[in-house]
Amino acid sequence: MLSGNEIRKLYLDYFKDKHQHTIVESSSLVPDNPTVLLTTAGMLQFLPIFLGIVKSPYEPARATSCQKCARAGGKDSDIENVGRTPRHHTFFEMLGNFSFGDYYKKEIIPWAWEFVTEVLKLDKDRLWITIFETDDEAYDIWRSVGVPAERIKRKGKKDNFWGPPGASGSCGPCSEIHYDLGEEYKCDDPNCGIDTCECDRWVEIWNLVFTELYQDEEGNQSPLESKNVDTGMGLERITMVCQGVASTFETDLLKPIMDEVSKMCGVPYKKSEKTDISLRIITDHARCVTFLISDGVIPGNEGRSYVLRMILRRALRHGKILGLELPFLYKLVDIIIASYGEAYPNLVKNKQKIIDTIKKEEERFAVTLDRGYKMLDEFINDKKDIDGVSAFKLYDTFGFPFELTKEIAQENGLNVDEQGFKAAMQEQKERAKAATAKISVTGDIKYAKIENEVGSTEFIGYSENECSDAKILAQVEGEGYVDIILDKTPFYAECGGQTGDSGIIESENLKAEVLTTFKVNDLYVHRCTILNGDVTIGDRVKAAIDVPRREQIRVHHTSAHLLQAALIKVVGDEVKQAGSAVEENRMRFDFTFSRALTHDEIKKVENLMNKWIGEGYSVNTKVMAIEEARLTGATALFGEKYGDNVRVVSIEKDGECISKEFCAGTHARKLVDLRLVKIISESAISAGTRRIEVVVSNAALDYLNSKSAEIDKLSLKFKSHYDEVVERVDKLADENRELQKQVEKLQEENTRSKFASFISKAQDINGGKLFISKVTDLKPIGIKIGLEFLSKKLGDSIIVLAGETTVAVKVSDSFVSRGINAGKIVGEISRATGANGGGRPNFAQGGVKDTSKLDEVLTKIEEELKI
């Protein structure tokens, strides 16, 4: 019996050795294309070649690969079926072979038949073929290799025609090879057949796509200049067929993982359909999250990070169903890497990162999971559908992805208001946006109306610092400012994290200081204060930016690109930009990363940046078509919208490129213009997202000079050389600690002495002693010392001490066994004073707010305990 690993190798070797294909390594699950969420097909990395944007680098023009794929978010998602069917997955491997204008149907159809019948040795009598209803060419070729006519079924466009992927593009018929698992898997439909039924009996194992047509937006089709082949065979499905099992979860690719899950929870597979669903979901999702994290995705609330969090938390929920306590999922990483590490070495390399990321996410969800379930139980018990606001609260407060809430609701016969959830989500986004917006939504509409009336602004600021004949098109008066709109401008508008330019707009009749510049669509708005004169629509003016300020903005923007390159070099390609802010005196860079950088890593990043600055790299900007730009390897920001043409900024020297990014900002001309880089902070801004602040050039020198001045002050104060200051401070700190210990020792002795006088005031009660007192002149540490002291001296006792801000209670075990509870006593006292508190039955402490309430509540407690 062939193993999954053997089938993968057989496929690649067959096309390499017998048919001269180049084996191409799987691309990442995170595609280069920023508009695509995850890699969902083997052909994605070859798309630029299929589109004719670049020529095939392979000779002959054919390739083969085993591509990692994930379908867990967006329209291609299989998430709702995973676990509930025998062969749906969020992660899978796609075997494929591709022809870029080289071979076509008469080659690939015989090869495909030979591979499945001669190499894999599948039973020919169980193989069925489907073709597009008018594809006589494919029919004739299938007949020529020996497929009986009755086993070739014609189907329509829905089943056997691929594309185009959008409103227009390449498309063509496809032909599929199906396998019949046998009569025992047939459904109840008396007409069950390959051309009429989609039940579990029939398994599609290979799809051969023939892209031979181009379809325009009106639906008209014309032949392509060169015809291509794109095939896909799911490794899990073909392994299932070769191993004679009815479920991909029972293959050697997934069964070891599922066996480990069964072992962890003590629930065998095939005990019940309900537990089988949970076992399959955990198995599939554990594999998917392992590969996603290895490829640099981290859990979060946007894009592919949200997809990762959603499937991870879905697995955790099904773990709870099987009786597993969180964290548990991270324990499956070892078995997954044991199965896949040889084929995908990055899994081995990233093992610890994968384990740490999963475990941290499990611990985070464990905090809110039970509270979220409690809220859901209220709806389930009341048999009430879940409204959108509640679904959003489950997501926002308790960390339940919407898909998880929907799944739980459906299992209990309830519906969820998805539109209401989306509306609540949008309301929150609008609130967040309004909190940080520089102009109101009403303002946006107003400027859009102006643009509609006067046209957009021409930006000339990439090459010019001033414009002597700009025309005033419109003005908008605000409170203490005037917004001026020009027909053309050298002023860069705030965009992509870069702050807007400032400067002067002037003429014979006007002088205005530009405070900042922002954009609404393609309209550039100059926010100004009027120094002299008046704004007159139609006047020609000179618009000049503050050049020294722009130069400092330039170098700080380039430092963001340089920092990202250095971070990737030092800590790896998990780093992905999550935001930035570029100003004239600082640069802030946010990026995804699962942990804090060490001091040594920060120094390495800073040193590398300064090394590059001194090595003579140039900063080049080129405008190119977006597809061409992607093919150069330029980095794009995920989720960002780009036009047909983009600006690509490269930092390079003698053919070596250390950074290449899509960027519309302004940049240094040479890297040496940055002069000096200083990292001034590194911190967390949310789970999985870090922030680094950097200063360069003048700002870096100012920062270092300021620090130097402070060190000089300390040197003067300590009468020491600057390099002796730290030693002097350490010595002072040591002396201070010693003095503090002495003070604490004296305080403890005084406290013990004070409480020694209290012993005689303890009351005799049934079974021991009771001591209740206000001690408002003691700090919390003093109360704790007194509590321990009295407890030792009084033996079996109940001790209650209440201070200005703290109440503490200690109850001996003999009283605890009789039902006296320190936590309840503290809770009652704290609540009476307007505070909170609680703890264990034998010891508890809490807060005190209103001390005027202490006498009354202590008297009440004393009377209750004396009984």
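Note that the coordinates shown come from a computational prediction; the quantities given were computed from them, not determined experimentally.

*Asks:* Whenever I open this one, the overall build of the protein confuses me. Can you help?
*Replies:* When helices and strands are tallied, the protein shows 25 helices and 30 strands. Along the longest, intermediate and shortest principal axes, the C-alpha atoms of the protein span 110 × 85 × 55 Å. Counting every position in the protein, which comprises 867 residues, the buried fraction comes to 50%. Considering only contacts in the protein between residues 6 or more positions apart, those separated by 24 or more positions represent 66%. Of the accessible surface of the protein, which amounts to about 41,500 Å², a share of 48% is contributed by carbon and sulfur atoms. Charge separation in the protein, taken as the distance between the mean sites of 117 positive and 137 negative side-chain charges, equals 5 Å.

*Asks:* Help me understand the sheet that holds strand β23 (residues 677-686), please; the structure alone is not making it clear to me.
*Replies:* Adjacent strands of a sheet form backbone hydrogen bonds with each other and so pair up, either parallel or antiparallel. The strand order across the open sheet built from four strands is β18-β19-β24-β23, with neighbouring strands paired in antiparallel fashion. In this open sheet, the two strands that pair with only one neighbour each are β18 (576-582) and β23. Sheet twist, expressed as the average angle between the axes of neighbouring strands with direction ignored, equals 20°. Sheet analysis places β23 next to strand β24 (residues 689-696), joined by eight bridges and oriented antiparallel.

*Asks:* Would you explain the state of the cysteines in this entry?
*Replies:* Simply put, disulfide is the name for a covalent bond between the sulfur atoms of two cysteines. Summed over the entire model, instances satisfying the criterion amount to zero disulfides. Here Cys171 stays unpaired: no disulfide links it, and the sulfur of Cys174, its closest cysteine neighbor, is 11 Å away. Cys528 takes part in no disulfide bond, and the closest cysteine sulfur, belonging to Cys467, lies 14 Å away. Residue Cys528 is classed as buried on the basis of its relative accessible area of 0%.

*Asks:* Please explain helix α13 (residues 388-396) as it appears in this structure.
*Replies:* In an α-helix, one turn spans 3.6 residues, which is why side chains three or four residues apart end up on the same side. Within the span of α13, buried status applies to Gly388, Ser390, Ala391, Phe392, Leu394 and Tyr395. Measuring from the side-chain oxygen of the N-cap residue of α13 to the backbone nitrogen of Val389 gives 3.2 Å; that N-cap residue is Asp387.

*Asks:* It is not clear to me how the pairing of strand β16 (residues 523-533) should be interpreted in this structure. Could you clarify?
*Replies:* Look at any regular strand and the pattern is simple: side chains alternate between the two faces of the sheet. In the sheet, strand β12 (residues 482-486) pairs with β16 via four bridges, with the strands oriented antiparallel. Residue pairing across strands places Asp483 opposite Arg527, the latter belonging to β16. Linkage of strand β15 (residues 510-520) to β16, two consecutive antiparallel strands, is achieved through a turn of two residues, within which Asn521 is found at a positive phi near 60°.

*Asks:* Can you walk me through the sheet that holds strand β20 (residues 618-625) in this structure?
*Replies:* Taking strand neighbours across the sheet as the criterion, the three strands line up as β20-β21-β22 in an open arrangement whose pairing is antiparallel. Among the strands making up the open sheet, the edge pair consists of β20 and β22 (656-662). Pairs of neighbouring strands in the sheet enclose a mean axial angle of 25°, with direction left out of account. Bridge count between strand β21 (residues 645-653) and β22: six bridges; the pairing is antiparallel. Within β22, the residue paired with Glu652 across the bridge is Cys657. Contacts between helix α17 (residues 547-571) and the sheet are confined to β20, β21 and β22, with β22 contributing the most and set at about 120° to the helix.

*Asks:* Looking at this model, I keep getting lost on helix α20 (residues 697-718). Mind explaining?
*Replies:* Counted at 1.5 Å a residue, the expected span for α20 with its 22 residues is 32 Å, and the 32 Å between its end C-alpha atoms agrees. Three or more residues of α20 are buried, namely Ser697, Ala699, Ala700, Ser715 and Phe718. Contacts from the buried residues of α20 go to α17, β23, β24 and α21 (725-756).

*Asks:* Help me understand the pairing of β15, please; the structure alone is not making it clear to me.
*Replies:* Where strand β14 (residues 503-507) lies against β15, five bridges are found, and the strand directions are antiparallel. Bridge pairing in β15 links Ile505 to Ala512. Between the antiparallel neighbours β14 and β15 lie two residues. In terms of strand pairing, β15 meets β16 through 10 bridges, oriented antiparallel. What sits directly across from Val514, in β16, is Cys528.

*Asks:* Explanation requested: the packing of aromatic side chains in the structure shown.
*Replies:* The relation between two aromatic rings is expressed through the spacing of the ring centres and the mutual angle of the planes. Across all of its chains, the model carries 37 aromatic pairs by this definition. The interplanar angle of 65° and the centroid separation of 5.7 Å between the aromatic rings of Tyr104 and Phe210 together place this pair among those described as edge-to-face. With Tyr104 in the loop between β3 (91-100) and α3 (105-119) and Phe210 in strand β8 (residues 202-215), the pair connects residues that are 106 residues apart, well separated along the chain. Phe210 shares its class with Tyr104; the two are buried. A centroid spacing of 5.1 Å and a plane angle of 80° characterise the contact between Phe755 and Phe758, whose relative ring orientation is edge-to-face. By the burial criterion, Phe755 is buried, and Phe758 matches it. Put simply, the rings of Tyr11, Tyr14, Phe15, Tyr103, Trp111, Phe115 and Trp206 pair up and form one aromatic cluster. Over the face of the ring belonging to Tyr139 we find Arg154, whose NZ or CZ atom lies 5.0 Å from the ring centre. Sitting over the face of the ring of Tyr462, Arg647 holds its NZ or CZ atom 3.4 Å from the ring centroid.

*Asks:* Explanation requested: the packing of α21 against helix α22 (residues 780-794) in the structure shown.
*Replies:* The relative placement of two packed helices is expressed as an angle between their axes plus a distance between the axes. For the pair α21 and α22, the least separation of the axes is 9 Å and the interaxial angle reads 50°. The orientation of α21 relative to α22 falls into the category oblique. As for how α21 packs across α22, the hand of that crossing is right-handed. Every residue of α22 that contacts α21 at Glu748, Thr751, Arg752, Phe755 and Ala756 is listed here: Gly782, Ile785, Gly786, Phe789 and Leu790. For the contact of α21 with α22, the class distribution of residues is five nonpolar, three polar and two charged.

Cut-offs applied
Residues numbered from 1 in each chain as written. Predicted model: local features only at pLDDT ≥ 70, side-chain atom pairs only at ≥ 80, totals over all residues. Heavy atoms only, no water. Helix = DSSP H or I, 4+ residues; strand = E, 2+ residues; numbered from the N terminus. Buried < 20%, exposed > 50% of the residue type's maximum accessible area, 1.4 Å probe, protein only. Contact = heavy atoms within 4.5 Å. Areas by Shrake-Rupley, 256 points an atom, 1.4 Å probe, with all protein chains shown as cover. Lys, Arg positive; Asp, Glu negative; His and termini not counted. Charge placed at Lys NZ, Arg CZ, Asp CG, Glu CD. Pairing = 2+ DSSP bridges. Axes fitted to C-alpha atoms, helices over the stretch in contact; angles between N-to-C directions. Disulfide = S-S within 2.5 Å. Polar contact = N/O pair within 3.5 Å; in protein donor to acceptor, adjacent residues only side chain to side chain. Expected span 1.5 Å × (residues − 1). Phe/Tyr/Trp six-rings, centres within 6.5 Å; stacked < 30°, edge-to-face > 60°. Lys NZ or Arg CZ within 6 Å of the ring centre and 35° of its normal. Parallel < 35°, antiparallel > 145°, perpendicular 65-115°, else oblique. Left-handed = near helix turned anticlockwise from the far one by under 90°. Nonpolar A, V, L, I, M, F, W, Y, C, P; charged D, E, K, R; others polar.

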